[in-house]
Amino acid sequence: MTKKQTSKDELPLFIPRSSTSTLINKTGSWRYFRPLYEEKTAPCSAACPAGEDIPRIEMLVSQGLIKKAWETVLDENPFPSICGRVCFHPCEKACNRNELDESIAIHSMERFVSESATSSSEPADLKKISDNGKKVAVAGAGPAGLATAYFLSRLGYQCDVFEAQPEPGGILRWGIPAYRLPEDTLKKEIKRIENIGVHIHCKTMVTEALLQKINQKYNALFIGCGYSRPIKLKIPGAESAHDGLRFLHQIRTGEKVALQGTAAVVGGGNTAIDVARTLARLGLKPIVAYRRRRQDMPAFKPEIETALKEGVKLMELVSPIRIEEDPSSRSKSDSSFIMTLQKMKVSAKEIRGRARVIPDGDKTKTLQVQHIFIAIGAEAQALWHVPSAKNNNQLTLSHSKIIEQKIPVVFGGDLTNETKSVTDAIASGKQAAIALDVYFKKGWDAIEESLLSCRVGTGPALSMTAYLGEERNGRKPHIVLFDEINADYFQSAARVIPPTLSPAQSLRSFSEIEATMSKRAAIKEAERCFNCGICNSCDYCRIFCPDVAVMVEKAERYINLDYCKGCGICVIECPRNAMALEEEKK
Amino acid sequence: MKKVLEGSHAVSEAVRLARVQMISAYPITPQTHIVEAISAFCADGTMNARFLCVESEHSAMAAVIGAASSGVRAFTATSSHGLAYMHELLHWASGARLPIVMADVNRALGPGWNIWLDQTDSLSQRDTGWIQFYCEDGQEVLDTTLQAFRLAESVNLPVMVLLDAFFLSHTYEPVEVPDQEQVDQFLPPLSPRIQLDTANPFAIYQMVAPSAYMEMRYNIQLAMELVTSRFSEIEDEFETIFGRKHGPLEAVQCEDAEIILATAGTTASTCRHVITDLRKKGEKAGLLKLKMFRPYPTDQIRRHLGQAQKVAVIDRNFSFGASGIFAQEIKSALCNKDVRPPVFGYVAGLGGRDVTPQTLEEIYWQTKNNNIPKDESVWIGLNQELVESWSN
């Protein structure tokens, strides 16, 4: 044995110590799994017909980069100020945050981003490919036509938009009341499209002669003339009723309308609700008469709710059968009508998920009102607005139909869309623009495959940036589920609600009901966003890496595979599923 | 200056006087008063130290290990479950040869949930490579804590200073609190032998192959073997400056004793009175107060107990399936001696139950009246009615 130490001896410390760095131990060789940064699709983006990069927009807002957020919207949607107001925001229904508390107020955020960015005079910095010498004619300056021209123009095409009305905008200009979409907002958005080089020719109806000229002078034609001819109610006395769409048009042109008393609005779509709410603002007492039930109404749910709050009455399961003049009314000024309504009932059978209603025997009821408005839908103005079924070489896509004729013709907007919404019209314009660009570059047969490759997630929405091979190109189509979110990182927080007029206040004028959020509120709201599937540089991967193998260079993260053991902690910790773990191939 | 101090605050005062640079702790009854006072010292500027709040004892020990590795004087305190939670890091601290000082207030482990005295918490850490000192009163606590820093820094091993829950930690006694100047004379600033330095990077505590691990363990044992003599030198120096010493153990009237009671902590105080009374009655009783438990002072134990006729060990702790832990250790110290007294093991006062002079006298007489122990350990003061009811 060793000799005993005496207390005076200094016993050398024998501990593991080395001046060689632990970097010498390349623990990466132990790895069976490899973590990687893999961005995925957020459910909101996939649900947005325009395929906006919502998680990224929210991320940019939370970082205070409002202009960048605005440009990110503009990459996919030319009308953020409009959509922030009138879109039915399917994104919010899809939002994963619903599982924790409430969805992000995406529409309010979109509006904030746009209003905030346009309040400065600095223009958006958008990618635009230089002129390729090709010309495209667009029939109709509604949302679909304008979107087509916007996207085509950015892809290097010269676009001429022909519009019969004295001003552009289509349904946005003439069909949506000012309390939902102020005229000034619309004008600003259209101006921006003109600024990138789109020519809008108003009071220029596309006639047979113009069509011939287009066939000769243009390389393609987009037809987005919408449904502007109201469907007529075919019952006795229908001629006494006003047309709803025309009425809205009159109001938007500024015509003075002097009405009073009670009014019945027949229909259940957005036009019926807009008519009823406009009447309420003019001091009338409107009743919406709908043949199905409230839950079956095609009008957007929040619109119906607000209408009812504003005092609009709803009569369900009634279908008009005749309109008669009230014999007791003495003069024309206080004349009233008696509308006889057939009572309806819900049949056991459904048609495509929608309740079918049938007459409830011969039960009827009557409604005595001063005015009757019909808003039961609209159809195309002219026969050529609708694609004919006879063409051989045609491609039916989710939001458009493309036909190979002398020049390729694309039908879009309400003419082809299942959901008649502004955002679907934008989707249509984007689809048409990409389809035409593929057609000119790679030919007819490449269209479908190219469209598939720039889808957002697995739905029909397309991404222009993905088409252009930019940032979103590498994003996986997998749609992030709530279960894939590391919810431990998120605390419950109430959704931020922008200032809103009370129903009593809103009835007094055509002023907008909802105000734009403040910057502070918007940033707070943006911070609620999970940023599903995208990296927002939260850095938890790096903080938790036991091997210090997560590297950051110029704000880009990468895994140092010399040391990464493949433990997967980074992937598990990632709050938003922007990483993946794959088996190491050796 | 003499002050009336709570046992816990005797530790706090020593830590202040030792100019500890880093403290990290997590509160647990009955330890909390120790770090409460220290955190106040840090907050009001009395101490120039970093007090790091953490979320657990495991982290507290990890934090002081980190601090000590960077070459600063570090301290923590805990009790019972907190100590158990530190367990793996206790091994680390000693293996890393860091001169950390910790106060542990001996408290029972649950369940049943119990905050009172029981020494099993620290005794079950006996193999972690920490030096352990069981203290009897407030003065010894203060003095031992100061000595602990000297000792730890001299042999590069961590030291645990132990106090009985409530009987010592929460009892107020007059304690001589030395001047800072005197303490500075006794305890110079730490000159670390291990000091991580970002300006001169090196790696420590990495993997060691079988070819060197055993030597590393042996190196720790050699350091442990140094402790007894180092502690004695340190105590001598302490005595020169402060005029008192306590010793690694204390033999009270053991020279001619026929029966020696051996115990640790505050129970030793009670024993002092009991043997005085017994001596008055003509009984040749002695007391061996056990203070230093690691390293184990085998030679001294043999010397003090070897001549007795019988030894009675009072354990306020227990190793299930075996016996009281001090009794085991005393038996093992004596077993290689040709002539040795029989060792009577008694278990008493677990979970804060009082060990009164009557309890100790009962132990004495039971030892005297039996030639050999009735059992490896005899449980004193059990509620017999309850125990018998279990056999029905």
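Residues numbered from 1 in each chain as written. Chains lettered and ligands numbered in written order. Predicted model: local features only at pLDDT ≥ 70, side-chain atom pairs only at ≥ 80, totals over all residues.

Draft legend 1. The arrangement of the overall build of chain B in detail. Within chain B one finds 14 helices and 16 strands. A globule of 392 residues ought to have a C-alpha radius of gyration of about 21 Å, and chain B, at 21 Å, matches this closely. For chain B, the C-alpha atoms occupy an extent of roughly 70 × 55 × 50 Å along the three principal directions. Of all 392 residues assigned to chain B, the portion counted as buried reaches 49%. Considering only contacts in chain B between residues 6 or more positions apart, those separated by 24 or more positions represent 80%. (Helix = DSSP H or I, 4+ residues; strand = E, 2+ residues; numbered from the N terminus. Rg over C-alpha atoms; globule rule 2.2 N^0.38 Å. Buried ≥ 20, exposed ≤ 12 C-beta atoms within 10 Å, placed from the backbone. Contact = placed C-beta atoms within 7 Å.)

Draft legend 2. How the structure looks around the domain arrangement of chain B. Residues and elements named next belong to chain B. Once the domains are mapped, chain B shows domain 1 (2–242) and domain 2 (249–389). Of note, the centres of domain 1 and domain 2, computed from C-alpha atoms alone, are 28 Å apart. Contacts between the two partners involve 26 residues from domain 1, matched on the other side by 21 residues from domain 2. Each residue belonging to the side of domain 1 that touches domain 2 can be placed in one class, and the counts come to 14 nonpolar, six polar and six charged. (Domains from an automatic or database assignment. Nonpolar A, V, L, I, M, F, W, Y, C, P; charged D, E, K, R; others polar.)

Draft legend 3. The arrangement of helix α13 (residues 357–369) of chain B in detail. All names here are of chain B. With 13 residues, α13 should reach 18 Å at 1.5 Å per residue; the first-to-last C-alpha distance of 18 Å fits that figure. Those residues of α13 lying buried are T359, L360, I363, Y364 and T367. Angularly, the buried residues of α13 cover 140 degrees about the axis, an arc narrow enough to put them on a single face. Residues of α13 that are exposed and angled more than 90 degrees away from the buried face: P357, Q358 and N369. Taken together, the buried residues of α13 touch β11 (259–263), α10 (267–280), β12 (285–290), β14 (310–315) and β15 (343–347). (Expected span 1.5 Å × (residues − 1). Arc of directions from axis to C-beta.)

Draft legend 4. Representation of α10(B) in the model. Residue and element names in this part refer to chain B. Given a rise of 1.5 Å per residue, 14 residues ought to cover 20 Å, and the 20 Å separating the end C-alpha atoms of α10 matches this to within 8%. Within the sequence span of α10, burial applies to T267, A268, T270, C271, V274, I275 and L278. The buried residues of α10 occupy one face: seen down the axis, they fall within an arc of 145 degrees. For α10, the exposed residues lying more than 90 degrees away from the buried face are H273 and K280. Considering only its buried residues, α10 is in contact with β10 (249–252), β11, β12, β14 and α13. Of the residues trailing α10, G282 is marked for its positive phi of about 90 degrees.

Draft legend 5. Up close: the packing of helix α1 (residues 7–17) of chain B against helix α2 (residues 32–44) of chain B. Residue and element names in this part refer to chain B. With their axes 8 Å apart at the nearest point, α1 and α2 run at an angle of 35 degrees to one another. Pair α1 / α2 crosses with right-handed handedness. Across the interface between the two elements, S8, H9, V11, S12, V15 and R16 of α1 pack against H33, I34, A37, I38 and F41 of α2. (Axes fitted to C-alpha atoms, helices over the stretch in contact; angles between N-to-C directions. Left-handed = near helix turned anticlockwise from the far one by under 90°.)

Draft legend 6. Structural view of the sheet that holds β15(B). Residue and element names in this part refer to chain B. The strand order across the open sheet formed by six strands is β10-β12-β11-β14-β15-β16, and the pairing between neighbours is mixed. With partners counted over all chains shown, the strands left at the sheet margins are β10 and β16 (378–379), one partner each. Pairing of β15 with β16, which is carried by two bridges, proceeds in the parallel orientation. The residue bridging V347 from the neighbouring strand is W379, located in β16. (Pairing = 2+ DSSP bridges.)

Draft legend 7. Up close: the interface of chain B and chain A. The interface is formed by 21 residues belonging to chain B together with 14 residues belonging to chain A. Listed by contribution, the elements that provide at least two residues to the side of chain B that touches chain A are β9 (203–204) and α9 (210–242) of chain B. The leading source of residues in the side of chain B that touches chain A is α9(B), at 10 residues. Here two bridges tie strand β1 (residues 17–18) of chain A to β9(B), and the two strands are oriented antiparallel to one another. Within β9(B), the position partnered with A:S18 by the bridge is B:A203.

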